[in-house]
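Structure at a glance
Next come the chains, spelled out residue by residue.
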Amino acid sequence: SGWCDGAAWAASGYFCNTTGGEAACTAGRRAVGHCSLKRHSSEIEAPFQYFSDPEMGGEMLDDYCPVWTAYSNYDCGSVGPTAAEAAFAAQAARQRGETRCEACRCALSTLYNDSFAQAAPQHGCYEHRCLSPRRLQFRVGGSWRDCKAHGGAIAIRGWTGLLRCPS
């Protein structure tokens, strides 16, 4: 149909088509974000219409392609300057094992640091390192843990849930 189709747009973090407030990892997994799809006040120019509703699309600077856009308080590389952002990051660290650092990336997780609680799937930030083209690790609960396989998951003793390894 338009400019934001093709194989590159099928990659995780690019094209999205939801307005329901769902979260996902942004391109490059550097943040947790929301879909930029919204209703514009007028019809979008024909070459940039990707939906049956001609007023629906992403931001103009993205040629109206809706993409996963970082939340202002969920950059995996750093904690924002406000006390509220610091408190949010500290709570995510305690409860879900999240970290904010230059080597941190977004991943899907159901981890929760309480053996009596079950967490809903949620995207969060975790320190990572690539030891080889086939060996990825995440640091959670104070230690480095291998992603078992392409798209596998990491379990942590004393925690409920799993950290999903990205493909």
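Only a predicted model underlies this, so the values are computations on that prediction, with no experimental measurement involved.

Conventions used here
- Just so you know, the residues in each chain are numbered from 1, in the order the chain's sequence is written.
- Owing to the predicted nature of the model, reporting of local features is limited to residues with pLDDT of at least 70; listing and counting of side-chain atom pairs is limited to 80 or more, with chain, interface and lining totals taken over all residues.
- Hydrogens are left out, water is left out, and the side-chain values use all remaining heavy atoms of the structure.
- The criterion for strand pairing is that DSSP finds at least two bridges linking the strands in question.
- Secondary structure elements are defined from DSSP: runs of H or I of at least 4 residues count as helices, runs of E of at least 2 residues count as strands, and each element is numbered from the N terminus.
- The angle between two axes is taken between their N-to-C directions and runs from 0 to 180 degrees, where each axis is a line fitted to C-alpha atoms and a helix contributes only its stretch in contact.
- In what follows, a disulfide is any cysteine sulfur pair within 2.5 Å.
- Buried means the residue's accessible area, taken with a 1.4 Å probe over protein chains only, is under 20% of the maximum for its type, while exposed means over 50%, and partly exposed covers the values in between.
- Here a helix's expected span is defined as the number of its residues, less one, multiplied by 1.5 Å.
- The directions from the helix axis to the C-beta atoms are what the arc is built from.
- Only heavy atoms enter the contact rule, under which two residues are in contact if any of them lie within 4.5 Å.

1. Describing the sheet that holds strand β1 (residues 23-25)
As summarised here, the arrangement of the 3 strands in space is β1-β2-β5, forming an open sheet in which the pairing is antiparallel. Where the open sheet ends on each side, the last strands, each with one partner, are β1 and β5 (68-75). Each adjacent strand pair in this sheet contributes to an overall mean axis angle of 50 degrees, direction not counted. In terms of strand pairing, strand β2 (residues 31-35) meets β5 through 4 bridges, oriented antiparallel. Paired with G33 across the two strands is A70, which belongs to β5.

2. What to know about the state of the cysteines
Throughout the structure, instances matching the rule amount to 5 disulfides. One disulfide in the model links C16 with C35; its S-S distance is 2.1 Å. When the S-S torsion is 95 degrees, as for the bridge of C16 with C35, the disulfide is right-handed. Here C16, found in the segment before β1, pairs with C35, found in strand β2; they are 19 residues apart in sequence, far enough to count as distant. Judged by its relative accessible area of 3%, C16 is buried. With its sulfur 2.1 Å from that of its partner, C25 forms a disulfide with C106. Handedness here is read from the sign of the S-S torsion; for C25 and C106, about -75 degrees, the answer is left-handed. Of the two residues, C25 sits in strand β1 while C106 sits in strand β6 (residues 104-109), which places them 81 residues apart along the sequence. The pair C25 / C106 is uniform in exposure class, with both members buried. Here C130 is not cross-linked by a disulfide; its sulfur's nearest cysteine counterpart is in C147, at 9.2 Å.

3. Here's the deal with helix α1 (residues 83-96)
The end-to-end C-alpha distance of α1, which contains 14 residues, comes to 19 Å, matching closely the 20 Å that a straight helix rising 1.5 Å per residue would cover. Along α1, the residues classified as buried are E85, A89, A92 and R96. Taken down its axis, α1 places every buried residue within 75 degrees of arc, on the same side. With respect to the buried face of α1, the exposed residues turned more than 90 degrees away are A83, A84 and R94. Those residues of α1 that are buried are in contact with β5, β6 and β7 (122-132). Once α1 finishes, G97 follows within two positions and takes phi at roughly 75 degrees, a positive value.

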